[in-house]
Amino acid sequence: MTALQIADIKTFMKKLLLTDSFDRFLLLEGTVTTFNTFHIDGALQKSYYTREEQELLTERTLSLWGEVRPFCLELIRGRRTPLSFRFTFRLSASNTARLLAQTGVSIPADQVRGLLLNLRYDGQSLSCTTGTSLSVFTMDKKLDHAWDDMVQKYFRQQGIPFETV
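Fair warning: this is a prediction, and the values are worked out from it, not measured in the lab. (Residues numbered from 1 in each chain as written. Predicted model: local features only at pLDDT ≥ 70, side-chain atom pairs only at ≥ 80, totals over all residues. Heavy atoms only, no water.)

**Observations regarding the packing of aromatic side chains**
Tallying each qualifying case throughout the model produces 16 aromatic pairs. For the ring pair Phe12 and Phe22, a centre distance of 5.5 Å and an interplane angle of 55° mean the geometry is tilted. Of this pair, Phe12 sits in helix H1 (residues 9-18) while Phe22 sits in the loop between H1 and strand S2 (26-33), and the two are 10 residues apart along the sequence. For Phe22, a relative accessible area of 0% puts it in the buried group. Considering the side-chain rings of Phe22 and Tyr154, the 6.1 Å spacing of their centres and the 80° angle between planes classify their relative orientation as edge-to-face. Of this pair, Phe22 sits in the loop between H1 and S2 while Tyr154 sits in helix H5 (residues 142-157); the two residues are 132 residues apart in sequence, bridging distant segments of the chain. An aromatic cluster of at least three residues, connected via ring pairs, comprises Phe12, Phe22, Phe25, Trp65, Phe85, Phe87, Phe89, Tyr121, Tyr154, Phe155 and Phe162. (Phe/Tyr/Trp six-rings, centres within 6.5 Å; stacked < 30°, edge-to-face > 60°. Helix = DSSP H or I, 4+ residues; strand = E, 2+ residues; numbered from the N terminus. Buried < 20%, exposed > 50% of the residue type's maximum accessible area, 1.4 Å probe, protein only.)

**Comments concerning helix H4 (residues 93-103)**
Owing to its 3.6 residues per turn, the α-helix aligns residues three or four sequence positions apart on the same side. Within the span of H4, buried status applies to Asn95, Thr96, Leu99 and Leu100. Along the axis of H4, the buried residues cluster in a sector spanning 145°; they form a single face. Summarising the geometry of H4, the exposed residues directed more than 90 degrees from the buried face are Ala101 and Gln102. Contacts made by the buried residues of H4 are with strand S6 (112-121) and H5. Residue Gly104 follows H4 closely and has a positive phi angle near 75°. (Arc of directions from axis to C-beta. Contact = heavy atoms within 4.5 Å.)

**Regarding the packing of H1 against helix H3 (residues 65-76)**
Relative to each other, H1 and H3 sit at 125°, their axes nearing to 8 Å. When the interaxial angle is binned, H1 and H3 end up oblique. On H3, the residues touching Met13, Leu16, Leu17 and Leu18 of H1 are Trp65, Arg69, Cys72, Leu73 and Ile76. Within the contact of H1 with H3, the residues separate by chemical class into 8 nonpolar, no polar and 1 charged. (Axes fitted to C-alpha atoms, helices over the stretch in contact; angles between N-to-C directions. Parallel < 35°, antiparallel > 145°, perpendicular 65-115°, else oblique. Nonpolar A, V, L, I, M, F, W, Y, C, P; charged D, E, K, R; others polar.)

**Notes on the side chain of Asp148**
Along the chain, Asp148 turns up in helix H5. Salt bridges are absent for the buried Asp148, whose nearest opposite-charge side chain, Lys141, sits at 9.9 Å. Only 2.5 Å separates the side chain of Asp148 from the side chain of Thr130, close enough to count as a polar contact. When sequence neighbours within four positions are dropped, the list of residues in contact with Asp148 reads Met1, Thr2 and Thr130. (Lys, Arg positive; Asp, Glu negative; His and termini not counted. Salt bridge = Lys/Arg side-chain N within 4 Å of Asp/Glu carboxyl O. Polar contact = N/O pair within 3.5 Å; in protein donor to acceptor, adjacent residues only side chain to side chain.)

**Some remarks on the pairing of S6**
Here S6 lies mainly inside the structure; 7 of its 10 residues are buried. Strand direction decides the pairing type here: strand S5 (residues 84-90) and S6, joined by 6 bridges, are antiparallel. Looking at S6, one finds that Arg86 is bridged to Arg120. Pairing analysis gives 9 bridges linking S6 to strand S7 (residues 126-134), with the strands arranged antiparallel. Directly across from Val112, in S7, lies its bridge partner Leu134. Between S6 and S7, which pair antiparallel in sequence order, lie 4 residues; one of them, Gly123, sits at a positive phi of approximately 100°. (Pairing = 2+ DSSP bridges.)

**Comments concerning the packing of H4 against H5**
One way to put it is that H4 packs onto H5 with a least axis distance of 11 Å and a crossing angle of 105°. Here H5 runs roughly perpendicular to H4, going by the angle between their axes. Residues Leu99, Leu100 and Thr103 of H4 form the contact with H5, whose own contacting residues are Leu143, Ala146, Trp147 and Met150. Partitioned by chemical class, the residues of the contact of H4 with H5 number 6 nonpolar, 1 polar and no charged.

Structure follows, in structure tokens:
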């Protein structure tokens, strides 16, 4: 687990809300506090979709950030900044398997419950905390380190300045 302090909140918010930089992450949950507090459960409600759409969603139980982003943009957009927000993202199963293969981590993909990215804004500062969730206990921290490194590399590629806390 690594905590990153976002050095340029404005740049980060543009990447988060106005570009597709985070669109392929799954949204576990989110909360945005402006004039009200809005809670977002990332769980897909499959009964909302047509039968054909449901067939395309068979492997997914969570919304992609790209599907929810326009609604969050409407909540956050305006002259006033939000009082706070927090979002918890999860890396998709296919990207998790890719990370495991690229880094040589020997944990089977089906034992990785989630590689998580927690974003938290408190009205003044924005932090990002990584996390891993496994269905088995292991003393091996290679996956934690690989995920931490990947997030930092991704932020650098996206031009998001940060400091390790």
